[in-house]
Amino acid sequence: MANDTRTRILDTTALLLRQRGYHGTSLNDILSASGAPRGSLYFHFPGGKDQLVIEVTRDSVAGVTARLGEALAAERDPAVAVHHIYQAVGRMLEDNQFSLGCPIAPVVLDSPTDVPELADLCGAAFEQWIGLLREAFVSAGVPERRAHALALLVESSLEGLMVIARATRDRAPLQAVADEVAALIEAAVLAGEVQRRAEAGV
C-alpha cells in the first residue's frame, strides 16, 4: 500500500509538471489529484516539492533516454531511425490528445534557478539526448562537427514541433519536417562516405 501511494504521488506529479510546469504545480495540487494524505507525501519525500520534482524529472529523463537509445539502435540507418522518432512523437501527441509534450520542457521554461539540482538535471538531459543522436550520426560516418549540428537540429526541431503540434492539434508538421531532416541526414552520411573514399584514394 505504501509503495502504491508513493507511485501515485510520483505519477500525479509527473502529469501535473507536464501540464503546468514547476511553478504551476503546488503540493496542494499534487495531494488533491493523487488523493494521498499530506503525511504520506512527507513520509516518502521528506524534502518536499523539490525532492519530489527532482525525482520525477530524473525518472522522466531516464525514460526518454532509454526510448531514444532503443530507437537509434534499432536501425542501422540513422535517417530511418530519426524518421521513426518523429513518427513516435507524433503518435504520443495524438494519444494524449495534444495535451502533453516533452516532460522537461515546462520545467525548463519555468527557469527554476532556485533549485540548482533541477536546473542541472534538465541541462544534462538535453546534452545526453543530443549526444546520443550525435553518436549515431558519427557511427554512420558523418564528421563530428556536422554530426553535432545535425543532432542539435533534430532535438531543437522536435521540441519546437511539439509546441506547434499542440497549438494546431495536428501532427502533420512533424511528418513534413521528418522527411526533410531524414533527407539531410542521408546526404550527410553520403558526403561522409565520399570524403572517406577520397581520403583513402579509392
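Up top is the structure these notes are about.
A brief structural summary. (Residues numbered from 1 in each chain as written. Predicted model: local features only at pLDDT ≥ 70, side-chain atom pairs only at ≥ 80, totals over all residues. Heavy atoms only, no water.)

Describing the state of the cysteines
Simply put, disulfide is the name for a covalent bond between the sulfur atoms of two cysteines.
Okay, step 1: All chains considered together, the criterion is met by zero disulfides.
Okay, step 2: Not engaged in a disulfide, the cysteine Cys-102 finds its nearest cysteine sulfur in Cys-122; these two sulfurs lie 8.6 Å apart.
Okay, step 3: Since its relative accessible area comes to 5%, Cys-122 is described here as buried. (Disulfide = S-S within 2.5 Å. Buried < 20%, exposed > 50% of the residue type's maximum accessible area, 1.4 Å probe, protein only.)

Thoughts on the nonpolar core
Okay, step 1: Counting 56 residues, the largest nonpolar core has Tyr-86, Trp-129, Phe-137 and Val-154 as the members making the most contacts within it.
Okay, step 2: Counting residues per element, the ones that place at least two in this core are helix H1 (2–20), helix H2 (27–34), helix H4 (48–73), helix H5 (78–95), helix H6 (105–109), helix H7 (116–139), helix H8 (144–168) and helix H9 (172–200).
Okay, step 3: For this core, the leading source of residues is H7, giving nine residues.
Okay, step 4: Among residues more than four places away in sequence, those in contact with Val-154 are Val-82, Tyr-86, Leu-133, Phe-137, Val-181 and Ile-185. (Core = buried A, V, L, I, M, F, W, Y, C linked by side-chain atoms within 4.5 Å. Helix = DSSP H or I, 4+ residues; strand = E, 2+ residues; numbered from the N terminus. Contact = heavy atoms within 4.5 Å.)

What to know about the pattern of salt bridges
Okay, step 1: Summed over all chains, the structure comprises five salt bridges.
Okay, step 2: Asp-29 is the salt-bridge partner of Arg-20, the closest N and O atoms lying 3.1 Å from each other.
Okay, step 3: The class for Asp-29 is partly exposed, based on a relative accessible area of 25%.
Okay, step 4: Of the charged contacts in the structure, one is a salt bridge between Glu-117 and Arg-58, with a shortest N-O distance of 3.0 Å. Of the two residues, Glu-117 sits in helix H7 while Arg-58 sits in helix H4, which places them 59 residues apart along the sequence.
Okay, step 5: A relative accessible area of 45% means that Glu-117 is categorised as partly exposed. (Salt bridge = Lys/Arg side-chain N within 4 Å of Asp/Glu carboxyl O.)

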